[in-house]
Protein chains: 2
Amino acid sequence: MTGKKVLVVDDDAKTVELVKLYLNRDGYRVLTASDGIEALRLAREGHPDLIVLDIMLPGVDGLTVCRALRAESDVPIIMLTARTTDQDKLDGLDLGADDYVTKPFSPREMAARVRAILRRLPGERGPDEIRCGGLIVNFARHEAVLQGRPLNLTIVEFKLLGVLVREPGRVFSRAELIEKALGYDFEGFDRTIDVHILNLRRKLEPDPKNPRYIKTVYGVGYKLAEVNSGT
Amino acid sequence: MTGKKVLVVDDDAKTVELVKLYLNRDGYRVLTASDGIEALRLAREGHPDLIVLDIMLPGVDGLTVCRALRAESDVPIIMLTARTTDQDKLDGLDLGADDYVTKPFSPREMAARVRAILRRLPGERGPDEIRCGGLIVNFARHEAVLQGRPLNLTIVEFKLLGVLVREPGRVFSRAELIEKALGYDFEGFDRTIDVHILNLRRKLEPDPKNPRYIKTVYGVGYKLAEVNSGT
DNA sequence: CGTAATTATTAAGAAATTGTTAATTTATTA
DNA sequence: TAATAAATTAACAATTTCTTAATAATTACG
């Protein structure tokens with residue numbers, strides 16, 4: 001873990017603690033501030049890699065802080081707003097915030113957004129791309145390439161391949177694939193997966209009848225073969 | 001099926017029954033409670049592997065129960081909330097719940113989340129791989145390899161070998177093997193096992209007539225020989 | 001040695017799983 | 001909103017695996 005620094009600014013101590021808890025769990029160092037003045041000071045002296053900034057602040061408000069920060073640096077900012085009116089969101093974005101989250105929010109979601117932004121920061125792209133044999137799956141570009149030839153995958157096909165390619169060789173049951181590619185709330189049948197696998201194979205297998213990449217494990221599910229180019 | 005235990009806590013009997021129905025269908029044993037006091041008692045005495053906990057409870061509320069449980073164990077908790085305000089979710093997560101579901105929810109989705117959490121529990125999957133002599137059985141990959149040569153096992157063969165390899169040297173009766181490899185609900189005959197053992201031997205024994213790995217214990221059952229490479 | 005009990009082997013039919021196509025529903029885009 | 005693309009379902013075919021039943025071989029033990 002790189003230990004990126006995140007500055008969290010909110011006048012509600014409980015919110016700050018909650019966000020801090022989750023970000024710490026993700027391996028980030030966290031600075032905290034409860035008002036605009038302190039926020040500006042820490043933003044300048046602490047060199048955070050990302051700032052989570054509430055709009056409603058005592059003293060200098062969040063919008064002003066955001067404006068001030070934007071004038072002097074490109075640090076990514078996630079705006080926090082208690083109000084639901086879209087005008088607030090627009091204002092925040094207008095000021096150059098990278099993302100906005102409406103209160104009340106789930107700390108998991110917040111942590112995910114922080115990860116997402118820091119991931120696309122120059123330097124640490126993280127596992128934005130996975131290679132396996134001649135297969136390249138790029139999550140940031142939402143693009144899969146096989147032997148230099150781009151596959152034209154649909155969303156579900158891409159997600160399926162994404163799940164498989166993250167753990168090549170491991171067998172995934174249809175239930176697992178549904179959970180991970182279609183979501184917990186999918187109410188349909190197992191066999192839907194079969195059709196998606198079929199379509200995937202048509203797009204990436206040289207000979208779909210004899211799959212080289214996506215193997216069927218009879219009675220269990222599917223897996224991505226680990227391709228040793230030399231063998 | 002391991003028959004993991006799940007405690008479902010909700011004051012609405014209909015909700016409890018619905019969740020119970022779906023969890024039973026997945027092979028889980030289900031304990032139920034309708035108030036906080038009972039929940040705590042069952043959580044302590046019933047040793048559930050997971051708890052589904054409603055926030056709104058008469059008497060001791062769900063949040064308090066969650067807090068109390070967290071103080072004394074790491075049992076995974078899924079919080080249930082009827083209110084849509086995310087503040088509830090936050091509180092739940094803050095207390096260490098592993099997941100939350102907002103009412104009204106789909107019982108299928110609930111069951112899926114329960115499966116997902118129990119699946120990634122440390123004890124649940126056991127080791128992903130067991131080695132014994134030149135034999136490697138990898139459960140995640142659903143693959144068995146002998147002296148570097150992959151065996152092409154069917155599900156039943158794989159499960160049988162899996163049972164044997166977990167306790168090399170121990171004799172398993174046919175009844176035991178049926179239970180563990182074919183399931184409790186198998187209605188067939190003992191002798192089916194013989195055929196599977198035969199097929200297994202054909203795939204892994206250098207000389208199936210003189211089994212080196214899977215030994216017959218006359219009048220008792222089968223066992224996996226402990227292989228000392230030097231002998 | 002011979003008999004009864006147990007296990008090994010074989011092969012065929014039954015059952016379960018997967019592959020495939022096409023029609024239908026749902027979502028997206030112009 | 002119409003046109004297009006995608007996801008899902010349903011039905012059937014193809015395949016694999018499981019189970020059974022019948023027979024042969026082996027073991028235990030008087």
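**Looking at the pattern of salt bridges**
Part 1 of the reasoning: Scanning all chains against the criterion turns up 23 salt bridges over all chains.
Part 2 of the reasoning: We note a salt bridge from Arg115 of chain B to Glu179 of chain A, for which the minimum N-O separation is 3.7 Å. Remark: Glu179 of chain A occurs in helix H7 (residues 174-182) and Arg115 of chain B occurs in helix H5 (residues 107-119); the pair is interchain, linking two chains.
Part 3 of the reasoning: Given the relative accessible area of 24%, Arg115 of chain B is considered partly exposed.
Part 4 of the reasoning: Given a relative accessible area of 9%, Glu179 of chain A falls into the buried group.
Part 5 of the reasoning: Notably, a salt bridge pairs Arg170 of chain B with Glu167 of chain B, separated by 3.0 Å at the nearest N-O pair.
Part 6 of the reasoning: Judged by relative accessible area, which is 28%, Arg170 of chain B ranks as partly exposed.
Part 7 of the reasoning: Look at Glu167 of chain B and you get partly exposed, because its relative accessible area is 35%.

**Re the packing of aromatic side chains**
Part 1 of the reasoning: Evaluation of the coordinates by the stated rule reveals two aromatic pairs over all chains.
Part 2 of the reasoning: Arg166 of chain A extends its terminal NZ or CZ atom over the ring of Phe139 of chain A, reaching a point 4.3 Å from the ring centre.
Part 3 of the reasoning: A cation over an aromatic ring shows up here: Arg25 of chain B above the ring of Tyr22 of chain B, its NZ or CZ 4.7 Å from the ring centre.

**As for the sheet that holds strand E8 (residues 143-146) of chain B**
Each strand in a sheet pairs with another by means of backbone hydrogen bonds, the pair being arranged parallel or else antiparallel.
Residues and elements named next belong to chain B.
Part 1 of the reasoning: Sheet architecture is open: four strands sit in the order E6-E7-E8-E9, paired in antiparallel fashion. Only two strands of the sheet have a single neighbouring strand rather than two, namely strand E6 (129-132) and strand E9 (149-151). For this sheet the average axis-to-axis angle between neighbouring strands, irrespective of direction, equals 20°.
Part 2 of the reasoning: Pairing between E8 and E9: three bridges, direction antiparallel.

**Side note on the protein's contact with DNA strand C**
Part 1 of the reasoning: The local shell around DNA strand C holds 28 residues, among which Thr216 and Tyr222 of chain A together with Leu198, Thr216 and Tyr222 of chain B are the closest.
Part 2 of the reasoning: Sugar and phosphate atoms form 66% of the subset of DNA strand C atoms that lie within 4 Å of the protein.
Part 3 of the reasoning: Arg201 of chain A places a polar side-chain atom, nitrogen or oxygen, 2.9 Å from a phosphate oxygen of DNA strand C.
Part 4 of the reasoning: Elements represented by at least two residues in the surface near DNA strand C include exactly helix H8 (191-204) and strand E11 (214-217) of chain A together with helix H9 (191-204) and strand E11 (214-217) of chain B.
Part 5 of the reasoning: Residue composition of the surface near DNA strand C, grouped by class: 12 nonpolar, four polar and 12 charged.

**Points about the pairing of E8 of chain B**
Residue and element names in this part refer to chain B.
Part 1 of the reasoning: Bridge count for strand E7 (residues 135-138) against E8 is four bridges, and the pairing is antiparallel. Within E8, the residue paired with Asn138 across the bridge is Glu143.
Part 2 of the reasoning: Linking two consecutive strands that pair antiparallel, namely E7 and E8, is a turn of four residues; a positive phi of about 55° is found at His142 within it.
Part 3 of the reasoning: Linking two consecutive strands that pair antiparallel, namely E8 and E9, is a turn of two residues; a positive phi of about 50° is found at Gln147 within it.

**A closer look at the protein's contact with DNA strand D**
Part 1 of the reasoning: Surveying the vicinity of DNA strand D reveals 21 residues, the closest of which are Thr154 and Thr192 of chain A together with Thr154, Val156 and Phe186 of chain B.
Part 2 of the reasoning: Each atom of DNA strand D within 4 Å of the protein was assigned to sugar, phosphate or base; sugar and phosphate come to 86%.
Part 3 of the reasoning: One nitrogen or oxygen atom from the side chain of Thr192 of chain B is found 3.0 Å from a phosphate oxygen belonging to DNA strand D.
Part 4 of the reasoning: In this structure, a phosphate oxygen belonging to DNA strand D sits 2.9 Å away from a side-chain N or O atom of His196 of chain B.
Part 5 of the reasoning: Elements that contribute at least two residues to the surface near DNA strand D include exactly helix H6 (155-166) and H8 of chain A together with helix H7 (155-166) and H9 of chain B.
Part 6 of the reasoning: Class assignment for the residues of the surface near DNA strand D results in 13 nonpolar, eight polar and no charged.

**Quick word on the environment of Thr192 of chain A**
Part 1 of the reasoning: By the secondary structure assignment, Thr192 of chain A is in helix H8.
Part 2 of the reasoning: Taking the C-alpha atoms as reference points, Thr192 of chain A and Ile178 of chain A, separated by 14 residues in sequence, lie 8.8 Å from one another.

**Focus: H7 of chain B**
Part 1 of the reasoning: Over its 12 residues, H7 of chain B runs 16 Å from end to end, which matches the ideal 16 Å to within 8%, given 1.5 Å per residue.
Part 2 of the reasoning: Of all the positions in H7 of chain B, only Glu157, Phe158, Leu160, Leu161, Gly162, Val163, Leu164 and Val165 of chain B are classed as buried.

**Quick notes on H5 of chain B**
Since one α-helical turn is 3.6 residues long, residues separated by three or four positions face the same way.
All names here are of chain B.
Part 1 of the reasoning: Here H5 contains 13 residues, and its C-alpha end-to-end distance of 18 Å stays within 8% of the 18 Å for a straight helix at 1.5 Å per residue.
Part 2 of the reasoning: Across the 13 residues of H5, 11 count as buried, placing the element largely inside the fold.
Part 3 of the reasoning: Within H5, the full set of buried residues consists of Pro107, Glu109, Met110, Ala111, Ala112, Arg113, Val114, Ala116, Ile117, Leu118 and Arg119.

Calculation criteria
- Residues numbered from 1 in each chain as written.
- Chains lettered and ligands numbered in written order.
- Predicted model: local features only at pLDDT ≥ 70, side-chain atom pairs only at ≥ 80, totals over all residues.
- Heavy atoms only, no water.
- Salt bridge = Lys/Arg side-chain N within 4 Å of Asp/Glu carboxyl O.
- Helix = DSSP H or I, 4+ residues; strand = E, 2+ residues; numbered from the N terminus.
- Buried < 20%, exposed > 50% of the residue type's maximum accessible area, 1.4 Å probe, protein only.
- Phe/Tyr/Trp six-rings, centres within 6.5 Å; stacked < 30°, edge-to-face > 60°.
- Lys NZ or Arg CZ within 6 Å of the ring centre and 35° of its normal.
- Pairing = 2+ DSSP bridges.
- Axes fitted to C-alpha atoms, helices over the stretch in contact; angles between N-to-C directions.
- Near = heavy atom within 4 Å.
- Polar contact = N/O pair within 3.5 Å; in protein donor to acceptor, adjacent residues only side chain to side chain.
- Nonpolar A, V, L, I, M, F, W, Y, C, P; charged D, E, K, R; others polar.
- Expected span 1.5 Å × (residues − 1).

Read these as geometric descriptors, not functional statements.
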